[in-house]
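Reading the structure
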Amino acid sequence: MSDLVAIVYPSEAKAEEVRQRLLKLQKEYLITISDAVIAVKTDSGGIKLNQLVNTTAMGAMTGSFWGLLIGVLFLNPILGVAVGAASGALGGALSDFGIDDSFMKNLSANLQTGNAALFVLIKHMTADKVIKEIKDAGGVVLKTSLDETKEAALRDALASAVERPAA
C-alpha cells in the first residue's frame, strides 16, 4: 500500500529542490516513489500541476512508433506516424496515473499565490533517513496518509527547520 504526503513550500523552486532530493534518495534505495507532483497557485488563482511524467508526450512518442510500424505494413509510413502520434497524444492526455489531478487541485485551492505543494506517493521508505535529508528544507505538512508516529516525526522535523534562523 502506498502513502501520500503533501507538503507546502513558499515557492515552486523550493518544492522542486525537495522533489529532486527525493529522486536522488530513490536512486540510493531509501525511498520508492510512485508519483511526485508539484501544484502551484498562479497569480490568476488557478492551480498549475508540474507532473513528474508528461503523459501526453509519452503517448505521442509511443503512438508514433506504433503508427510507423503499422504504416510500414500498409505502405504508408508517413500517415501511420501522424495518426499514431495524434492518437497517442490524445490517449496520453486522457490518461492519469498516480495521484488524482482533481484531488491535488482541490487540496491546493487554499494555497497562497506563489506557494507550491509537493505531492508524493510513496510505496516504501526508510523514514528516518528520508526525513533527515529533507528536514532542512522546511515546509508545512498539508496532508498525509502516514501512521501517526511517522506523521508526527515528519511534522516535528519540518517545524524544527522553520524555527532555526537561516544561516
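Quick note: structure is the one above.
In short, a report on the structure. (Residues numbered from 1 in each chain as written. Predicted model: local features only at pLDDT ≥ 70, side-chain atom pairs only at ≥ 80, totals over all residues. Heavy atoms only, no water.)

Along the backbone of the protein there are six helices and five strands. Tracing the protein from N to C terminus, the helices and strands come up as β-α-β-β-α-α-α-β-α-β-α. For the protein, the proportion of its 167 residues judged to be buried stands at 36%. A fraction of 70% describes how many contacts in the protein between residues 6 or more apart in sequence connect residues 24 or more apart. Accessible surface computed for the protein: about 9,800 Å², of which carbon and sulfur atoms make up 61%. (Helix = DSSP H or I, 4+ residues; strand = E, 2+ residues; numbered from the N terminus. Buried < 20%, exposed > 50% of the residue type's maximum accessible area, 1.4 Å probe, protein only. Contact = heavy atoms within 4.5 Å. Areas by Shrake-Rupley, 256 points an atom, 1.4 Å probe, with all protein chains shown as cover.)

Another point: the nonpolar core. Counting residues in hydrophobic clusters, the biggest one holds 29 residues, and the most contacted among them are L22, I31, L118 and L154. Where this core is concerned, the elements lending two or more residues are β1 (3-9), α1 (12-27), β2 (31-41), β4 (116-125), α5 (127-134) and α6 (148-163). Those residues within four positions of I31 in sequence are excluded, and the remaining contacts are L22, L25, Q26, I122, H124, M125 and V130. One finds A6, V8, I99 and A117 within the second-largest nonpolar core, a separate group that totals 12 residues. (Core = buried A, V, L, I, M, F, W, Y, C linked by side-chain atoms within 4.5 Å.)

Glancing now at the pattern of salt bridges. Think of it this way: side chains of opposite charge can pair up when their charged atoms draw near. Counted by the stated rule, this structure contains seven salt bridges. A salt bridge links E16 to R19; the nearest nitrogen and oxygen atoms lie 2.6 Å apart. Residue E16 and its partner R19 are located together in helix α1, separated by three residues, close to a single helical turn. In this structure E16 comes out as partly exposed when scored by relative accessible area, which is 23%. A relative accessible area of 4% places R19 in the buried class. The partner of R21 in a salt bridge is D136, and the shortest N-O contact between them spans 2.6 Å. In this pair, R21 sits in helix α1 while D136 sits in the loop between α5 and β5 (140-144), placing the two residues 115 residues apart along the sequence. Through salt bridges with shared partners, a single ionic network connects K14, E17, R21 and D136. (Salt bridge = Lys/Arg side-chain N within 4 Å of Asp/Glu carboxyl O.)

Secondary-structure assignment places N115 in the loop between α4 (101-108) and β4. Classification of N115 by relative accessible area gives buried; the value is 16%. Aside from chain neighbours lying at most four places away, what touches N115 is V8, Y9, P10, A39, V40 and K41.

All right, on to the environment of A15 then. Among the secondary structure elements, A15 is positioned in helix α1. Not counting chain neighbours up to four residues away, the residues in contact with A15 comprise Y9, I38, A116 and L118.

Every buried residue of α5 is listed here: A127, V130, I131 and I134. Along the axis of α5, the buried positions cluster into a sector of 95°, meaning they face one direction only. Exposed residues on α5 whose side chains face more than 90 degrees from its buried face are D128 and K132. (Arc of directions from axis to C-beta.)

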